[in-house]
Amino acid sequence: MGIRLKALLAPRALTSAKGRAPACQPAPQFPMLTLLSMFYYICLRRRSRSGTRGEALNSRRAVESGQRTALPVTLEVEQYAKEVLDFSSHYGSENSMSYTMWNLAGVPNVYPSSGDFTQTAVFRAYGTWWEQCASAPPRFRRTPPGFHSQDYIELAFEEPVYPTAVEVLETYYPGAIVQIQACSLNPFSQNTPTDIRWEVLWSAEPTKVLTPQARQFSPGIKQISFPTNLLRLEVNSSLQQYYTELDAVILRGVRERPILALYKMPVIDISDPSDSDEELADMVAAITSQDGDDGKPHNAGNGYFDRLPYELIQLMLSHLTLPDLCRLAQSCKLLHQHCCDPLQYTQLSLQPYWARLSDASLGHLQGRCGLLQRLNLSWTGNRGTLTPSGFNSFMKACGLSLVCLELSCCHFLSEACLEVVSQTCPGLQELNLSSCDRLHPQAFTHISKLSRLRRLVLYRTKIEQTALLSILTFCMELRHLNLGSCVRKYSEKEEEEEEEEEEEEEKKKKKKKKKKKKK
Amino acid sequence: MLSVLSYGRLVARAVLGGLSQTDGRDYSLVTASYGFGKDFRKGVLKKGMCYGDDACFIARSRAADVLGVADGVGGWRDYGVDPSQFSATLMRTCERLVKEGRFTPSHPVGILTSGYYELLQNKVPLLGDSTACIVVLDRHRHRLHTCNLGDSGFLVVRAGEVVHRSDEQQHYFNTPFQLSIAPPGVEGVVLSDSPDAADSASFDVQLGDIILTATDGLFDNMPDYMILQELKKLKTTNYDSVLQTAESIAKQAHDLAYDPDYMSPFAQFACDNGLNVRGGKPDDITVLLSIVAEYTD
């Protein structure tokens with residue numbers, strides 16, 4: 001009884017949500033107080049009806065539990081990265097520990113010292129030279145203005161938590177990180193994932209920091225609705241004056257989902273193209289429904305658009321980003337015709353949308369990409385979102401006029417994919433396979449069938465001598481060849497095999513000597 | 001008759017061999033370090049585990065215990081290069097390699113090679129020279145794997161007797177084999193040995209074996225019998241007694257080094273080479289004393 005009275009008089013008392021009548025007041029010498037409290041109660045009851053039921057229940061639970069026992073203290077868990085799973089490039093070599101991305105895991109080695117240390121994680125490039133030099137490939141059209149990432153690194157932590165803070169310890173020329181994302185997949189679990197979501201925790205334009213001194217970078221991150229132990233940092237070093245060096249990443253989070261009172265509703269980002277593949281899926285329905293109306297002539301109803309020349313509308317649409325193009329295709333038949341015109345898809349960059357690209361999306365785009373000349377699928381398809389069969393069917397449909405193919409960090413690629421590329425893209429001049437380190441050395445022999453190849457990037461791949469020699473023999477027009485970090489990693493097995501071979505050779509020599517002696 | 005005896009011997013050997021391998025206890029090394037830098041800074045830990053131009057490390061990985069000593073060659077000081085930097089960085093790098101498990105316990109030369117390779121990755125060239133000696137105990141197989149490049153070395157003592165020792169590698173008198181990184185231009189002139197030139201050895205160890213790893217500051221000043229005398233005082237396997245013994249050995253060597261009349265092993269060797277020299281050899285002394293004990297977490 002006493003508790004309920006207290007709850008009534010408290011500003012957030014919503015016990016009225018259950019519709020109980022107020023108890024009779026035990027203090028008749030305060031009629032004003034009685035009137036006021038009744039008035040207040042009625043107002044609150046109205047408010048509770050218009051508010052969400054869930055919120056009311058939760059706050060009530062909070063208030064009640066607050067009076068009986070202390071609120072359960074949600075302990076914040078602080079973790080350093082356990083393992084570096086994937087990255088696009090690094091300064092160090094594959095056999096070394098110096099300046100390699102694997103230094104980002106574990107506790108910091110160098111922080112808070114500033115300077116150039118070999119125990120830090122350093123990306124391959126900095127500054128603008130790589131984009132301004134004569135051999136740099138031209139930028140793809142329709143790159144969304146918000147996409148600045150040049151490199152990325154994916155880190156796995158021990159325990160999935162709801163993140164409250166992410167801290168990056170940068171030790172030299174900080175300020176290169178442009179995006180932090182979290183994944184719903186647990187990379188250490190054995191279950192096959194059903195739905196992999198990537199959520200952007202924080203994102204910004206690249207900035208130039210005034211001093212190259214070490215700093216602890218802790219941006220305000222968005223609250224997400226799933227626990228995560230897989231983070232992805234995306235980096236842009238073009239404004240840096242020297243290599244940016246990272247030492248460690250700390251993930252702070254809570255184990256249980258934060259209660260609604262502490263839960264900040266995420267700001268809905270209107271410019272975030274989060275539904276491009278849904279649009280693409282809707283496209284199929286739109287196409288099939290509109291196909292039936294082919295007999296009717298296209299006239300009126302499009303206003304001034306009917307008076308504009310076809311080419312002018314095409315020119316206008318060429319300034320749209322890909323998700324906007326797909327959304328525009330759903331607006332009316334005329335614009336649908338324009339948006340599906342293959343001339344709009346001579347250059348296609350799907351790298352900014354790597355998190356949402358799937359086999360289905362590729363399938364929907366297939367029909368429009370007959371005149372495709374430059375295709376960028378870098379960073380896409382990891383963790384099962386793209387399969388070799390989906391890629392193969394796309395290449396078979398769109399490979400004929402393809403001139404440039406960017407497949408950097410595409411871990412879904414298999415030997416069969418490269419074989420299909422060599423068969424379906426006879427005119428291919430540029431091929432980028434950097435950091436495709438899961439491709440078997442045998443796969444590279446198919447590249448020698450691309451006789452018109454001019455530019456080949458094999459940074460951090462496992463190509464071997466035989467494949468390389470055949471490429472050099474048959475690709476007569478080759479002008480640019482990047483074989484950075486193509487080293488052979490010595491493993492224990494190989495050393496044992498070498499020792500066994502040496503022993504066999506010695507035995508053979510002894511046998512020969514014995515034979516000679518016998519003779 | 002003879003064939004029965006030989007057959008019996010074979011069977012006995014096989015049985016005993018099989019039995020010894022079922023000993024599943026892991027061994028470990030209880031190690032203590034002590035030393036003196038040449039410039040009277042008695043055991044001052046500069047950058048941790050550095051004594052003058054010498055450096056050492058003690059590390060533990062998942063499957064092995066690893067020790068290392070390195071002796072920086074002092075001649076570089078005349079050219080403006082700090083010789084302690086090379087040896088200290090070499091030992092820090094080897095320690096990091098061991099802690100990250102990037103080595104094979106049975107192949108300690110690999111640690112030296114990888115460590116030297118990592119030094120070459122430095123953007124600012126790390127100039128200098130150093131000898132090196134690395135000792136790896138494979139905990140489960142009870143085997144000690146060692147490699148030595150130069151005149152540092154190790155002794156394995158069992159029941160008061162030296163059962164194994166390393167050989168000094170020298171090009172000529174007072175010029176040991178050494179790893180080096182030279183300034184560009186003088187690479188052909190400066191003495192530089194490859195890590196592959198290191199001597200490797202492997203042998204089994206037993207509980208209670210004492211392993212003394214040290215730089216030439218110790219071996220050039222104290223002959224074996226003096227070292228063995230000090231080691232007789234080590235009877236337990238706890239860290240404090242090991243540290244005490246290491247300290248006493250290092251101090252005795254330090255005292256002998258500055259004795260002008262004492263006929264040290266260095267002076268003996270010099271006389272054998274035709275130089276009329278007496279007295280100890282003032283040098284950086286680093287002593288890593290370990291005893292093989294059972295593995296406890």
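Rules of the game
Residues numbered from 1 in each chain as written. Chains lettered and ligands numbered in written order. Predicted model: local features only at pLDDT ≥ 70, side-chain atom pairs only at ≥ 80, totals over all residues. Heavy atoms only, no water. Pairing = 2+ DSSP bridges. Helix = DSSP H or I, 4+ residues; strand = E, 2+ residues; numbered from the N terminus. Axes fitted to C-alpha atoms, helices over the stretch in contact; angles between N-to-C directions. Contact = heavy atoms within 4.5 Å. Phe/Tyr/Trp six-rings, centres within 6.5 Å; stacked < 30°, edge-to-face > 60°. Buried < 20%, exposed > 50% of the residue type's maximum accessible area, 1.4 Å probe, protein only. Lys NZ or Arg CZ within 6 Å of the ring centre and 35° of its normal.

Peer 1: Any chance you could explain the sheet that holds strand E7 (residues 153-158) of chain B here in plain terms?
Peer 2: Each strand in a sheet pairs with another by means of backbone hydrogen bonds, the pair being arranged parallel or else antiparallel. All names here are of chain B. The strand order across the open sheet built from five strands is E1-E14-E13-E7-E8, with neighbouring strands paired in antiparallel fashion. The strands lining the two open edges of the sheet, one partner per strand, are strand E1 (27-36) and strand E8 (161-165). Sheet twist, expressed as the average angle between the axes of neighbouring strands with direction ignored, equals 25°. The pairing of E1 with strand E14 (residues 285-294) spans 10 bridges and is antiparallel. The partner of Tyr34 across the bridge, within E14, is Val287. Across the sheet, helix H6 (residues 239-257) touches E1, strand E13 (210-214) and E14, and the angle it forms with E1 is around 35°.

Peer 1: Help me understand the sheet that holds strand E13 (residues 430-432) of chain A, please; the structure alone is not making it clear to me.
Peer 2: Residues and elements named next belong to chain A. Taken together, the six strands give an open sheet; going across it, the order is E10-E11-E12-E13-E14-E15, and neighbouring strands pair in parallel fashion. The open sheet has two free edges, formed respectively by strand E10 (347-349) and strand E15 (480-482), since each of these has just one partner strand. Within this sheet the neighbouring strands show an average axis-to-axis angle of 5°, counted without direction. In this structure, E13 lies alongside strand E14 (residues 455-457), joined through three bridges in parallel fashion. When the bridges of E14 are listed, Glu430 appears paired with Arg455.

Peer 1: Can you help me understand the packing of aromatic side chains in this one?
Peer 2: Remark: the centre distance and the inter-plane angle together describe each pair of aromatic rings, the angle taken between the planes. As enumerated under the stated definition, the model contains 20 aromatic pairs over all chains in all. Centre to centre, the rings of B:Tyr34 and B:Phe36 are 5.7 Å apart; their planes meet at 70°, and the pair counts as edge-to-face. A relative accessible area of 3% places B:Phe36 in the buried class. Joined through ring pairs, the aromatic side chains of A:Tyr91, A:Tyr99, A:Tyr126, A:Tyr172, A:Tyr173, A:Tyr242 and A:Tyr243 make up one cluster. One Lys or Arg, A:Arg374, reaches over the ring of A:Phe140 and ends 4.3 Å from the middle of that ring. Sitting over the face of the ring of B:Phe266, B:Lys281 holds its NZ or CZ atom 5.1 Å from the ring centroid.

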